[in-house]
Each structure stands twice: as structure tokens, then as C-alpha cells.
Amino acid sequence: MSDVVEKTLTALPSLLSLDSQPGAGKLSSTSKLGQFIRNITELTSKHEEEKLIKKELAVIKDQVSSPYTTMRQMRELMVRSMYCEMLGYEASFAYIHAIKLAQQGTVLEKRAGYLAVSLFLNENHELLLLLVNTVLKDLQSTNIIEVCMALTVVSQIFPKDMIPAVLPLVEEKLSHPKEIIRRKAVLALYKFYLIAPNQVQHIHGKFRKALCDKDPGVMTSSLHIYLQMIQESPDSYKDLVGSFVTILRQVVGGKLPLDFNYHSIPAPWLQMQLLRILSLLGREDQSTSETMYDVLNESLRRAEMNHNITYAILYECVKAIYTIHPKAELLEKAAKCIGNFVLSPKINLKYLGLKALTYVVQHDASLALQHQMTIIECLDHSDLLIKRETLELLFRITNAQNVTVIVERILSFLRLCNDDYTIIDLVGKVAELAEKYAPDNEWFIQTMTVVFSLGGDLMPPDIPSSFLRLLAEGSQSEVDDRQLKVYAVNSYLSVLNDDCSHLPQRFLQVISWVLGEYSYLREGLDQEEVILLLKKLLDQRGVSAETRSWVLSALTKLCRGSGRAELALAVAESLSSTLDTVLRQQGHELRHLIQDGSLHARVLPQPAPANSLEVDSSLSFLDGFVSDALAAGAAPYKPPHQRQEELGQQRAPTLEPYALSLPMSLSSCTVTDRQSPSVLSMSSGLSANSTEPSQRAGVATLMLEGVKRVWGKEGYLPQRDTSETPATVEEPSDVVQSSHQQVVIDISQPEPEPEPPQLDKKQQLASSLFVGLGSQNSACLLGKTEATVPRFRRKPHLNDASSSGTSERSSDSSHSSHSTADSFLYGGLLEEEPATPIQSSRHAPQPIAASGSCEARQHGLTVNGVDENRGGAVVCAKEEKRAHPTQLIESDMVRVRPNALAEGAVVPPQNCSRHLPSTSSCGSDSEVLKLPFELQNLPHSDIISLISDSHLCISCCRVFREDALLIVLFLSNSTEMVLCDVALELSCEELQMGSLRGNVMESMAGRTSSVCHYTVFMERPHTHVPFTGTVSYQTQPGHKHTLHFSGKLTTADFIRPLVLSTEEYGKLWLSFSHDVKQNLRLLTDAGDPLIATLNVLKDCLQLHIVDIIGSEGIVACRLLDGAPCLMHCRVHGASLAVWLRSSLSSFPDCLLYHCQRALQEH
Amino acid sequence: MQFMLLFSRQGKLRLQKWYVPLSDKEKKKITRELVQTVLARKPKMCSFLEWRDLKIVYKRYASLYFCCAIEDQDNELITLEIIHRYVELLDKYFGSVCELDIIFNFEKAYFILDEFLLGGEAQETSKKNVLKAIEQADLLQEVSHHEACIAPSGNAFLTQHSSFLIHEPTLNSHILITRNMCS
């Protein structure tokens, strides 16, 4: 009942109240406002309303400035001005009075004053400075309500510069006895964190206290801060996972007070916040993920009520499950959940289901297949939002086979769409798809024509310029290129012959460029006709000056020949009096070129040769200037994107259109060599620059714009090694073949559901949309299984092409050289060790200390049962073979490197079965194996066991020599028998194998070991290089045994530090053109983050840290003694912005990948 | 959340709260565009819409539209529930709330909103706590203005302006349901 009374009191204006009575208080003031509101609502026209409000504002203005107005009246006036502002009429005269009211009024008036301030002003308003003192005073007040009000206003609007003034007071409030104060203080700090993260850095410890607050409200508020901080650097908060899981478990278990229930669901907001935090923490972190499986399962189970709020929680749950390290059981449940969403008749849920699906198809495209009919229905949904989200989903599952249908759908949506933001977004997507998957030239040109005419002038300039670049650079096939160009010319001529007054300027520019450049390619085309068409365009109204200039350039290219020259001359004449100076100058140039034919031929040769323009992309002619400036203390150049990053993020909504997700840019790099490191990791066995086979192989499975495929029907797909199956061991580099095998395996599985023969229209659509999806070919309905290669593979860089060639050639030669070498060595040159040329040429006096250790080692070997006299005499430390002192580079280089090889080494199954208990000592054998003395001082890896059988045990060690990688293989006879005719063979297709020794032995006595060296060189970086080998031996004549083994090398094995000075670095930097930029994780656990991170990289990858200045560091390395790679690192927020340059195109990508790995593993 | 708008079926703005700094001109432009877009939507349509780079979540309660702008990564459904919780709070505070309450006591509606959402984030999700905070502040008001006031029955006034009423049968029953569930 009290509600009713209060409502009556507050809501209803008193009819009896009199404005003139000063003591009338609340009622009179309400009535004044009430009267005003009633007057306004009674009005019918906008004009009358305006008149009334103007009048009202005049009255208010008059009253607020009167010295006789009491604070109470002021409060009422403020409410009225707030109302006027809400109706859209400015009452700026009241702003200062609102601040005054907050300052001087009693609690009640203050409240209105603060409210008015928060409504009138925004963060950047200069008057806010006047509020700071009031806030300070109120924060110190003993009245809780005043403190609350101050905290509320602080967390809504507060000038950034003034944060330090109030920060200590707000901080103090974190330990206030009242929970409402603590809660508001936490939120105020959250706000501070958002606008000035650096200023609250010192109170991170107090956030933890807030997280442990006994009041659930305070704890919930602190999660806002944590969500934000964890988003920025998830790794710094891994220790809190346990707490978050416990909190979530308690919440889900209903341990919170019932107050926090919402529709009988316990604290849904809190649950969702926690789910988000957990998903951030569990991403790509298996051990962390494992701790949360239970609670996620519990959340899924509990959220079964049929209410919006449970769906909201479920959605977050599903997202979390797909974000963290996968678990099959949970994935299955999550997929079922998504199904419920998608199939729901409620439109809101359907939308959320589509959104979840769009998120999930990145990981597992087969889910889209399950819901294909629903997706088709959504495609024709009456609600645009649903349609739009469906298109987004389709965009993510596009491949070479369904591209035409999907693009057709998107274009038909675009034709009806009139929202600029959507158009720009979708046009970019269509252009991307068209370039990536176009089935033929005709389709490509037609699609791009539609894109240009629909996208209009809103379209970002990348799309046309990328299109033109594609035409100009062409693909690998010349015939194809020519056809494409001719088709473009043809279709643009027909466009120009029609009415082209409605065409956007950008399109006209593209047309004129293409006609100018390529119209000569079309046979039987009268160039005069083209000139006439262009001339018509030039005279057309509504064509912008920029477009005219494009048209004129085209004319200039075409004007050769008598009849054409006259036409062009007429154009040039007509331009001589134009007001536009650019056009006038172009006209002038045109006239000159027409008159001087030889000049024209020189400036604009007809078939514009592709490489005619020598563009010095590194601007090397400016090097001197730049280095002078740098020496004089100028800051190094920062590219625009880097500068933008530094500007910091603003929270304001970006009212600019979406940035395009196009991977194209005008920079010198092409799409193909812009592979992200994650792609590299996917194609584990692939070399970095052989995108071609990877793309081709991808067709058989998926083409999700470089999305890493880690999910399959069974859940997580472990990274596939090329050395996994024996078949691939034989031909490790032949990825195409390995993927074929994959396909064969897939097909051989029984088809899950045979398709019914009758296909209605929708199913036909479905089959055309979802063709080629899913890992199994059987999964697509009418699946055409033939793989199509993406049409427009951009022409690879010259050195890429040559590299693939050389690698093939070199693999051939390595084959042949092996066989000859083998037959040569079988000839019985046993004791004769063909020492590596480098070693033999580098004799050095033996250091005394080394000889001591030499003896010690020999002793050790004898103890371990290796008798040099009896043995194969291979393991002997002769003085001549001592390493040259220059190879003992820096003392810190002599270290054992982590074992990347161990994970790569896979034992073929047939050998596993032959394992006997007696060989279990093999593992311990490898511990006592020692490197030959001359190699011991070189940096090397651990000795790991590769394979063993009942007789022989093979171990491997990598030794990192300055100019090469030495693979040292240890053969140990684990029996008492003598093994005969032991022959070892090692091959690796991508690498050059240098010298080898000790790979054939006539006999090997029982319990002895033998060492064999291979020198390996890498000329072009490959992320991972598999190698394979075989050992054959005879226990008794005629009983031949063979052992297969394999392993994997990485670029990291071939990286050597490059020692140089900062100046040399600067010079070298400018001379390289291949560059890659990326953000890396910054290690923040110990000391200076930059130094810590660089040290980790240095230790893992043998980089040389050239210099560290402030937040920037420069690092150098090279590939063996060959191509250098320079890395420039800069701390940016919580990440490390690195910029790599090298003379080898694929080196930066490779190095970047290994840096990421190194940091991840750290 | 970036901002929240309340407007009537006639397109009149009833409440606006901005959590991002924008100029008045932009605010007006956004409001105008959004009111138009939302009013043009049919009742069976999705409660969400894409607008510029934001997501708009809206819900109609009788003659009043509640409309929130969120970022793309935010959860639309929970935003819908935030709106609903706010309506519940208003309902509990004003008795059964109607548009009139919000028009004539818009500053109260703002106070409640500020206790519920702070800086665009849900501050306090316990209904009891929010109302307690408001009532404490209101208490001061009662103490400082203890003049007795006699007013005519509210019903007479409300029937005079029945066009303002937001209480349609559907909403009434809806709020009743939610009350039963909460208690």
C-alpha cells in the first residue's frame, strides 16, 4: 500500500499548489514540471512545441541567474531543463548551475545536481574541471549517500587528467565497511582502468582483494576489471583460474543469496562474466582448460530451463567450450545446444544460434552441414538481420565449389540493401571470395562488375586497386591472363555502350584504365571506337575531375596512329582552356606525345612489359639521407599502422564503416607470401613458400580462408606430422600425395547417410551451397569431388619460383649423390674418414685444457664399454679433428638446446612390435653416449633415442655449427654379438646434405657404439623439414635386418646469431625488401618484459641482440652463414610488435613462427 | 553497453543514457535514426538489429520502447534481460509502472538506472540491493519534506490521460508472472 501512497505523492501534480509559495516544496515543483509536461503533450504541432519550450527555457534562464533563487527552486529548474534537453532543445546556460547545485546544495539537491551534470556534460567538457573539487569534498564526506553520489558521477564522467587527484580517495574506499561504497569504488577504478590503465597499475593487488570480497556484489564488480585485464594479457592471470572456477561452481550450485537470483537462475550476469573470463584463460592452454571442464559441464547441465536467461548462459558456455582446449564430450553437448538454438521457433534464439554457428564453423565446418536445411530457410527469412547473419555464415564456409552460389546470394542481398555499412562490408567480402575462388574468367569479371556498380563510391579503394593489380600482374598462365584481359575489355566496352551515367566513379576509373591498357589485345577492335567511347565519357556530366584524369590517361595510351591522333588532338585542344589545372596539364602532355611519336613509344610502350617499371620499393636512393638523419638523432620511421596503434584505443563507437577484412593491400607483398604463422603451423610438413601445394591439398578438405583446422568430427585433431604414416615417410615432402592418401582413407569409410534420390529445390540449393564442405567427401550431398585449383593464384615472387625449382633439383641430385656415395663407400673405405672439407682446412693448435678433457672423455668411454681398440675405431678423438677455435663462438653458445627432435621422431609401427625387453637399456645407453670431442664444444642438443630393436639402438644429436647443422647419429650394438655390414642411410629432400662419414661398417662388435656425421645445409627456410633414414645390418650372413627411422628439423636448427653493430644493422635494414609485421606475446613474469622476452628468444633461437634502447630492441640472426634476418621489436601495451626484414622472402615468416613457438613454450 | 534510450510509440524520447562521450549533434542524429528504424520494425521480428558497427537490442513494453546499443562481442540475450530487469525495478519502485511514471518522474528513473548500471556495466544485479539504495536516498527526501500533502485520487488523473497508460493486459500478466517467479 505504501507504494501507492508514494506514487500518488510523487507522480501526481497537485492541483492546489501555488508556485509563489516558497515553502511549497516538492509538490509545487513537481506540479510546475507536471504542468509543463502536460502542456507539451497537449500540443499538436511541432511548431507549437518549439514555441512553448523556447518560452519555458527563457523563463528558466531568467530564474537560474536570479540571486534570489533558492537551491530548492534551483533543483526544480534543473529537472525542467533536463526535460527540455531530452526533447532536443539546448539548455547550455544551465550547465554551470548544475555544477553549482551539486556543489552547494543539500544531499537532496546534490543528487539532482549530479544527475544534471552527468546528463548535460560529457567526458571532454571543460566545465567538468569545476566539478573536481566537489567530488573530492563529497568523497571525504561522512554521509554515505554523498560518497555514493560522488563515486557514481566519477564512474560516469570524469576528466582523464584529473584522475590522479581523486585516485587515492577512491582507492581508500575499497576497504570501506559498506559494501555499496566498495562496489562503486571498484567500478570507478574499472572506469579509470579503461581510460587510463597506467594510472591504476599500482593497485592491481587491491583488485584481488575485491575479488575475494565477502559481498557478492563487490566481487561481481571486480570481474569487469578482470575481464578487461585478462583480455589484454591472459597469461598473467593463470593463477586465478582456480578461484574463478570455484566461484562459478558455487554460483551454479546455488550458494549465493536468493536475492541474486533472476528468474530462479542464480546470478546469471555473474555466471556469464565468469564464463567469458574462463574462455579467455583456457584458450590454447590445455592444462588450464582441463581444470574447467567439470564446471562447464555443470553449467550446461544446470541451464536447462526454458527461459531467455538460460539461453544467454548456454550461448556463453558454448562459446567457451569452443574457445578453450577441446574435449570431445563437451563439444558434443555444445553442438547439440547450438542445434537447439538454430532449430528454435523463437527468432531471437535462431539468430543467436546462427551467430554461434558462424563462430563455430571456423573450427568445425561439418556442423554447418548438419543444419543445412535450417540455414537455407534462414537465407530466405523475412528478417534482414537473420539473412545477414546467414550470409556471414556462408561467407565462412565458401570454397571453390560453392563460390558461385554463395556469391550470387550475397549479391542479390546487396541489390536490395540500402545500408552503407552493410554494403561496404559485403562488397569487400564478395571481392575477396571472387579473387580467391573464381571458377573462370568470365564469372570473375562479371562478378567484379557487379561489385563495382553496387559498391559505388563508398567502396574502399583497395578493391579496385587490387583488382587492377591482379589484371596487371597476372597469374602463372599467360594464355589465361590474355583471355582475362580480353574478356574484361569486351565486357567494359559493352558497359560503356550502354547508358553509363549511373555508374560510380570508381568503376569508370577501372574501366578507363583497363581499356587504355589492354584494348589493343582484342583483335578486330577499332581503337578509334574506344577513343570515341572514352571521349563521350569525358564529356559526360557528373563525371568527377579525378575520373576525367583517368580517362585522359587512357586516351594518352591509345592515341597512336593517324585517325586516332586527330581525335585525341581534338580532345587535347578542348582541354586547353579548362579551369582544372591537372586536366589542362594532361591535355598539354597529350598534345606533345601525339606530336612526338618516338617519345610516345618510349614513354608508353604498347604491350606494357610487366617489369618495365623499376620501382625501388626500399627507396634505397634515400638511404644516405636516412642514415644521416638517424645518426643525427632522428627517430626511426614508423609506418602509419604502427603510429595508429600508438594513438591508443578510444571507447567511443566508431561511426566509420567497418574495416575490410581483405588481405590485400597496396604494399609490395602479395597475398601468397603473406601467410600467417598459424597457417604455417597447420601445414606442418610444408615449406613456408610452397603455398601452392597447400592450397591444392586444401581443396580436398576445406578452404576456410586460412583457418587453422584443429577440429574434426571426433573433436580435436592433433597436429598431423607428415612422418606419421610409413608411406609419407618415404616421400615426406610430397604433401599433395599425402593429402591424397588422406582422401583415400576418408572415402573408404562407410558413408553415414545415403541421400534419398528425390531432390527438391531446397535440397538442390543445399547441395550447391554445402558442396565441398566437411572433411569427408561423403558428407556433401551432391558433392563434386574433383579438386579445383584457385583460379587467381597471384604470380609468386621470382625467388619463390626459383626456390621450388632448386629444391626439386637439389632433391634429385641428393638422391643420385647418395647412391654414388654409398657404392663408393661400400668399397671398404672404413677407416678412411672423409672429413668435412671445412674441418680439414681448419687445423688449429690444440688447447691444453681441451686435451685434459679429452682424456677424461676417453676414459669415460672405456668405462662405458666402448673399447677403441676393438671397436670400429670410428669414435676416436684425433687431434686433427679438433674443432677450430673460431667455431667456439661465444661461450654462452655452448649449451644444450631443447629437443625439438624428440617430438618429431616417430617410430614406424612394424619396429615397435620387435621391441624386446633386453633393449630397455637403450634409453640409458643414450645418456652415456657422448659426442666426439671436436664437437663437444659446439652448441648441441640432447642426445635422444630415435629407434631401437633387439640388436641396435640409434640415437641422434644435432650439433649447431656456424656454417651447417651436423646430424650426429649414434649406433650402439646392444647385444654381445658382432653385427656385420652395418650401413646407414639418411635422406632429406629439402636440404642439402654435405659430407658424411662413418656410415658403413664391416662389423660392429658387441656392446660398442659408432658415430656417424651428416652435415646439413639449408638454403631456403622451411618451417619443418622431415628427414628419414634406414640402417641395415646382418646378425649372421644372409639375415638382413632393416630399421627405419625419421625425425624432423626446424628452421630454428639452422638459425645462427649474426653479430653486428647498430650502424651496420641500420644499413642492412634498409637494403631488405621482404618484411613482415606481427604482434608477439610479451613475457611479463619477470623483470623488464622486453629484456626477458628477447632473452628467451635469444636462448631458444640463437638470435643476437644487437641493441636495446628503451622500449625498443633490435635483434639479428642469419640462416647458417647465409641470408640474414633482422628483427625490430617494440613494446606496445601488453604485446611485442615485431617487424622482420630479410633478403629471403620466407625467412621472416619462418622466424616469426618459431618466435611464437618459443614464447608459447616458455 | 554504449547507450540506452527509452522512447514512446510516437517516437518521443523518454530517457537517454550515454556511456560513451559523444557530441550533442551526434547524439541527436543517432537518436533520430534509431527511433525511426526501431519503430518501423514489425512485432514478430527479431529483437536485435545491426546498426552501423553496433548491435541494437530493443524491447517494447506497452507503449514504451527500451533500446540498448551494445558491441558485437556482447551477448544480445543478456542485454534483453538487462532491459527486463530494469523494467522490473521500475515496476517494483513505482508500483505497477506506466509510461506516465517515467515521464513525470524521469529523474527517479535515472536514479534507478544509475544504481543498476554504472558506466555501461551491470553494477548490482540484486533487485533488493538496488531498491534499498534508492530508498535510502529517498528517505532523506521524506525527512526534509514532511509536509502533509493531500492529493486527489490518482485514478482520476490516470483515466484522464488513458492514452499514456502502458498497462495493457499482456504486460500486466507478464509482470505478474515475473513477480511470482521472483518471490
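Relevant structure appears above.
Quick look at the structure, then. (Residues numbered from 1 in each chain as written. Chains lettered and ligands numbered in written order. Predicted model: local features only at pLDDT ≥ 70, side-chain atom pairs only at ≥ 80, totals over all residues. Heavy atoms only, no water.)

Some thoughts on the overall build of chain A
Note the cut-off: Per the convention used, a helix needs a DSSP run of H or I reaching at least four residues, while a strand needs a run of E reaching at least two, with both numbered from the N terminus. Buried means the residue's accessible area, taken with a 1.4 Å probe over protein chains only, is under 20% of the maximum for its type, while exposed means over 50%, and partly exposed covers the values in between. Here, residues are in contact when the closest pair of their heavy atoms is within 4.5 Å. Note on areas: Shrake-Rupley, 1.4 Å probe, and residue coverage restricted to the protein chains presented here.
A tally of helices and strands in chain A yields 49 helices and 21 strands. Going through the 1162 residues of chain A one by one, you find that 55% of them count as buried. Expressed as a percentage of contacts within chain A between residues at least 6 apart in sequence, the contacts between residues at least 24 apart total 69%. Carbon and sulfur atoms form 54% of the exposed surface of chain A, whose accessible area is close to 50,600 Å².

Quick notes on the overall build of chain B
When its secondary structure is counted, chain B shows seven helices and seven strands. Ordered by position in the sequence, the α and β elements of chain B form the string β-β-α-β-β-β-α-α-α-β-β-α-α-α. Of the contacts made within chain B by residues no fewer than 6 positions apart, 56% connect residues no fewer than 24 positions apart.

Overview of the interface of chain B and chain A
By a widespread convention, an interface's size corresponds to the accessible area lost as its parts come together. Heads up, the condition is: Accessible-area loss on putting two parts together, using a 1.4 Å probe and summing over both, is the definition of buried area adopted here. In what follows, salt bridge is the name for a side-chain nitrogen of Lys or Arg lying within 4 Å of a carboxyl oxygen of Asp or Glu. Identification of polar contacts relies on pairs of N or O atoms within 3.5 Å, with a donor-acceptor requirement for protein atoms, meaning one able to donate a hydrogen and the other able to accept it, and with residues adjacent in sequence counted only if both atoms are side-chain atoms. Amino acid classes used here: Ala, Val, Leu, Ile, Met, Phe, Trp, Tyr, Cys and Pro are nonpolar; Asp, Glu, Lys and Arg are charged; the rest, including Gly, are polar.
Listed per partner, the contact involves 88 residues of chain B and 84 residues of chain A. Taking both partners together, chain B and chain A bury about 8,100 Å²; carbon and sulfur atoms supply 57% of that area. When the buried area of chain B at its contact with chain A is split by residue, Arg52(B), Leu77(B) and Phe104(B) rank highest and sum to 8% of it. If you look at where chain B meets chain A, you find nine salt bridges. As a salt-bridge pair, Glu124(B) and Arg183(A) come within 2.1 Å of each other at their nearest N and O atoms. At the junction of chain B and chain A, the tally comes to 22 residue pairs in polar contact (both at pLDDT 80 or more). Taken together, the residues of the side of chain B that touches chain A sort by class into 34 nonpolar, 23 polar and 31 charged.

Focus on a nonpolar patch on the surface
Residues and elements named next belong to chain A. The cut-off we apply is this: Here the term patch refers to residues with relative accessible area over 30% and no salt bridge, with like charges joined within 9 Å and nonpolar side chains (Val, Leu, Ile, Met, Phe, Trp, Tyr) within 5 Å.
Side chains of Leu 619, Phe 621, Leu 622, Phe 625, Val 626 and Leu 630 sit close together on the surface and give an oily, nonpolar patch of about 570 Å² of accessible area. Its location among the elements puts Phe 625 in helix 33 (residues 623-631). Under the relative-accessibility criterion, Phe 625 is labelled exposed at 60%.

What about the sheet that holds strand 1 (residues 3-8) of chain B?
In any sheet, the strands associate via hydrogen bonds between backbone groups, in a parallel or an antiparallel arrangement. All names here are of chain B. The test is simple: What makes two strands pair is DSSP finding at least two bridges between them. A fitted line through C-alpha atoms represents every axis, and for helices the fit uses only the stretch in contact; the resulting angles, taken between N-to-C directions, go from 0 to 180 degrees.
With antiparallel pairing, the five strands of this open sheet are ordered in space as 2-1-5-4-3. The open sheet has two edge strands, strand 2 (13-18) and strand 3 (48-51), and neither has a second partner. The average undirected angle you get between the axes of adjacent strands in this sheet is 20°. Relative to strand 5 (residues 64-70), strand 1 is paired through six bridges, and the arrangement is antiparallel. Looking across to strand 5, one finds that Phe 3 is bridged to Ala 69.

So, the sheet that holds strand 15 (residues 1040-1050) of chain A
Residues and elements named next belong to chain A. Reading across the sheet, the four strands line up as 12-10-14-15 and stay open at both edges, with antiparallel pairing between neighbours. Each having just a single partner strand, strand 12 (1000-1004) and strand 15 make up the two edges of the open sheet. With strand direction ignored, the average angle separating the axes of adjacent strands in the sheet is 20°. With eleven bridges joining them, strand 14 (residues 1024-1034) and strand 15 adopt antiparallel strand pairing. Note on strand 15: the bridge partner recorded for Tyr 1033 is His 1041.

Comments concerning the packing of aromatic side chains
We apply this condition: Between the rings of Phe, Tyr and Trp (Trp by its six-membered ring), a pair exists once the centres lie within 6.5 Å; its type follows the angle of the planes, with under 30 degrees stacked, over 60 edge-to-face, and the other angles tilted. The rule for a charge over a ring is simple: NZ of Lys or CZ of Arg within 6 Å of the ring centre, and within 35 degrees of the ring normal.
A complete count under the given rule lists 23 aromatic pairs over all chains for this structure. Measuring from centroid to centroid gives 5.6 Å for Tyr311(A) and Phe341(A), while their planes differ by 70°, and the two rings are edge-to-face. Of this pair, Tyr311(A) sits in helix 16 (residues 308-323) while Phe341(A) sits in helix 17 (residues 328-343), and the two are 30 residues apart along the sequence. Note on accessibility: Tyr311(A) and Phe341(A) belong to one class, buried. An aromatic cluster is defined as three or more aromatic residues linked by ring pairs; in this entry it consists of Phe444(A), Phe452(A), Phe467(A), Tyr492(A) and Phe507(A). When the ring centre of Phe111(B) is taken as reference, the NZ or CZ atom of Arg111(A) above it lies at 3.8 Å. The ring of Phe395(A) has Lys429(A) lying over it, and the distance from NZ or CZ to the ring centre is 5.1 Å.

Quick notes on the pairing of strand 5 of chain B
Residues and elements named next belong to chain B. Where burial is concerned, most of strand 5 is hidden: seven out of the seven residues are buried. Residues Leu 64, Phe 66, Cys 68 and Ile 70 line one face of strand 5 and the alternating positions Tyr 65, Cys 67 and Ala 69 line the opposite face, and both faces are buried. When strand 4 (residues 54-61) meets strand 5, the two strands line up antiparallel, connected through seven bridges. Bridge pairing in strand 5 places Tyr 61 opposite Leu 64. Where strand 4 folds back onto strand 5 in an antiparallel hairpin, the turn is made up of two residues, including Ala 62, whose phi is positive at roughly 50°.

Re helix 48 (residues 1089-1101) of chain A
All names here are of chain A. Inclusion rule: Given a helix with a known number of residues, its expected span is that number minus one, times 1.5 Å.
Along its 13 residues, helix 48 runs 18 Å from first to last C-alpha, staying within 8% of the 18 Å computed at 1.5 Å per residue. For helix 48, the N-terminal capping position is held by Asp 1088, with its side-chain oxygen 3.0 Å away from the main-chain nitrogen of Leu 1090. Of the residues flanking the end of helix 48, it is Gln 1102, one or two places downstream, whose phi is positive at about 60°.

Thoughts on unusual backbone geometry
The backbone of Leu1120(A) sits at a positive phi, close to 50°, despite the residue not being glycine. As for its placement among the helices and strands, Leu1120(A) is situated in the loop between strand 19 (1112-1119) and strand 20 (1124-1132). Its identity is not glycine, yet Arg52(B) carries a phi of approximately 50°, on the positive side. Tracing the backbone shows Arg52(B) in the loop between strand 3 and strand 4. Arg52(B) sits in the buried class, given a relative accessible area of 9%.

What to know about empty space enclosed by the protein
For clarity, the threshold we go by: Every definition here rests on a 1 Å grid over the protein atoms only: cavities are sets of points where a 1.4 Å probe fits but cannot get out, pockets are open sets enclosed by protein on both sides within 12 Å along at least five of seven lines, and lining residues have some atom within 4 Å of a point. Grid points are joined across faces, edges and corners, and a volume is the space filled by probe spheres set on the points.
Enumeration over the complete set of coordinates arrives at 18 cavities of 30 Å³ or more. The volume enclosed by the largest cavity comes to roughly 290 Å³. In terms of lining, the largest cavity is formed by 19 residues, of which the most central are Arg111(A), Met149(A), Thr152(A), Phe111(B) and Glu115(B). In terms of residue count, helix 8 (residues 144-156) of chain A provides more of the lining of the largest cavity than any other element does, seven residues in total. Across the lining of the largest cavity, the residue classes break down as twelve nonpolar, four polar and three charged.

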